[in-house]
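Structural overview
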Amino acid sequence: MGYIYIAHNAHMQKGEKMSQGLKNRVWIYSQTNLPTRFGQFKVIVFRNDFDDKEHLAIVKGNIGDGKNIPVRMHSECLTSEVLGSLKCDCREQLETALQYIAEKGRGIVLYLRQEGRGIGLGNKIRAYSLQEAGYDTVEANHILGFPDDLRQYDVAAAMLHHLGISSVKLLTNNPKKIQGVEEFGIEVVERVPIQINHNPVNKFYLMTKAKKSGHMLEFEEKYPQLRLLKKVSN
Ligand SMILES: [Zn+2]
């Protein structure tokens with residue numbers, strides 16, 4: 001199993017929602033080079049006047065022409081990325097994206113501070129508690145009064161515009177993200193799936209994402225340890 005490239009249709013309304021006003025509400029606050037386990041990256045911290053969060057662009061290599069840039073829009077997940085929780089696959093997706101972009105020699109991971117699909121850490125933990133009582137992730141969010149997914153991609157698109165990006169190869173299984181950035185004038189020329197092998201803990205969560213949220217995932221009846229997938233082709 002490896003990365004499969006699927007051409008995405010190119011019918012879009014370019015930049016209709018990316019007004020200059022939106023771009024001006026997002027700005028670069030600081031940046032530095034950062035050596036990581038996945039190689040050398042530049043980390044750029046953005047601030048904005050929408051949500052008072054500091055979102056990051058983790059940039060590899062020369063993105064000068066801004067075209068066909070591999071991009072992952074990744075939402076923060078403390079439980080998985082810091083604590084090693086097995087309830088979701090966020091850490092594996094982040095690491096796979098960083099590794100993929102490092103191998104490609106250029107690309108961007110936007111690290112968006114949208115914990116728990118935008119409902120925040122406290123409410124994510126409340127949702128987990130409801131899941132212990134037998135509800136799935138979508139049902140739990142509804143019980144708490146939230147829609148399945150509160151993530152917004154306008155700030156992400158504005159960040160890409162600031163970095164001079166006009167078209168991307170989007171690393172995602174989530175069709176909403178493709179629509180999300182295209183609405184703001186970033187052309188998605190390709191979707192690069194991120195397939196993470198599930199474990200016995202997160203299998204139900206991942207199947208719910210596929211069934212109820214339209215994520216494009218494959219399931220095989222095997223339980224390997226979580227690991228990064230190697231790419232098999234360009
Ligand atoms: Zn997660």
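Only a predicted model underlies this, so the values are computations on that prediction, with no experimental measurement involved.

A few points about the environment of Gly-64
Tracing the sequence through the fold places Gly-64 in the loop between strand S4 (55-60) and strand S5 (69-75). With 9 C-beta atoms counted inside 10 Å, the residue Gly-64 sits in the exposed group. With 42 residues separating them along the chain, Gly-64 and Arg-106 place their C-alpha atoms 10.0 Å apart.

Things to note about the confidence of the model for the protein
Confidence in the prediction of the protein, expressed as mean pLDDT, is 81, and 82% of residues score 70 or more. Taken together, the stretch residues 1-16 has pLDDT below 50 and engages in 27 contacts with residues farther than four places along the chain or on a different chain. Counting contacts from residues 220-234, a segment whose pLDDT is below 50, to residues more than four positions away or on other chains yields 22 contacts.

Observations concerning the nonpolar core
By size, the foremost hydrophobic cluster in this structure holds 40 residues, and its most contacted members are Ile-108, Leu-110, Ala-156 and Met-159. Every element with two or more residues in this core is listed here: strand S3 (39-48), S4, S5, helix H3 (90-104), strand S6 (107-112), helix H6 (154-162), strand S7 (167-171) and strand S8 (187-192). Top contributing element to this core by residue count: H6, with six residues. Setting aside anything within four residues of it in sequence, one finds Met-159 in contact with Val-26, Phe-46, His-55, Ala-57 and Leu-110.

Looking at the pairing of S6
Summarising burial for S6: six of the six residues are buried, a large majority. Of the two faces of S6, the one holding Gly-107, Val-109 and Tyr-111 and the one holding Ile-108, Leu-110 and Leu-112 are both buried throughout. As paired elements, S4 and S6 share five bridges and run antiparallel to each other. Its bridge partner lying in S6, Ala-57 is registered against Leu-110. Note: S5 against S6, five bridges, orientation parallel. In the strand pairing of S6, Arg-72 is matched with Val-109.

Observations concerning H3
Taking 1.5 Å of rise per residue, the 15 residues of H3 would be expected to cover 21 Å, and the 21 Å separating its terminal C-alpha atoms lies within 8% of that figure. Turning to H3, its buried residues are Glu-92, Gln-93, Leu-94, Thr-96, Ala-97, Leu-98, Tyr-100 and Ile-101. Summarising the contacts, the buried residues of H3 are in contact with S4, S5, helix H2 (78-81), S6 and S7. Looking one or two residues past H3, Gly-105 carries a phi angle of roughly 90°, positive in sign.

With respect to the environment of Gln-114
If you trace the backbone, Gln-114 turns up in the loop between S6 and helix H4 (121-132). Note on Gln-114: 24 C-beta atoms within 10 Å, which makes it buried. In this structure the C-alpha to C-alpha distance between Gln-114 and His-55, which are 59 residues apart in sequence, comes to 9.1 Å. Not counting chain neighbours up to four residues away, the residues in contact with Gln-114 comprise Ser-75, Glu-76 and Arg-151.

Calculation rules
- As a convention, each chain's residues are numbered from 1 in the sequence order in which they are written.
- With pLDDT at 70 or above as the cut-off, local features in this predicted model cover only qualifying residues; side-chain atom pairs require 80 or more to be listed or tallied, and sums for whole chains, interfaces and linings still use all residues.
- The secondary structure listing takes helices from DSSP runs of H or I that are at least 4 residues long and strands from runs of E that are at least 2 residues long, numbered from the N terminus.
- Labels follow a simple rule on C-beta atoms placed from the backbone: if 20 or more others lie within 10 Å of a residue's own, it is buried; if 12 or fewer, it is exposed; otherwise it is partly exposed.
- Along the chain, pLDDT gives the predictor's confidence residue by residue, from 0 to 100.
- Placing C-beta atoms from the backbone, we regard two residues as in contact once those atoms come within 7 Å.
- Structurally, a nonpolar core is described as a collection of buried Ala, Val, Leu, Ile, Met, Phe, Trp, Tyr and Cys residues joined by way of C-beta atoms within 7 Å.
- Pairs of strands are assigned from DSSP output, requiring at least two bridges between the strands.
- To estimate the expected span of a helix, subtract one from its residue number and multiply by 1.5 Å.

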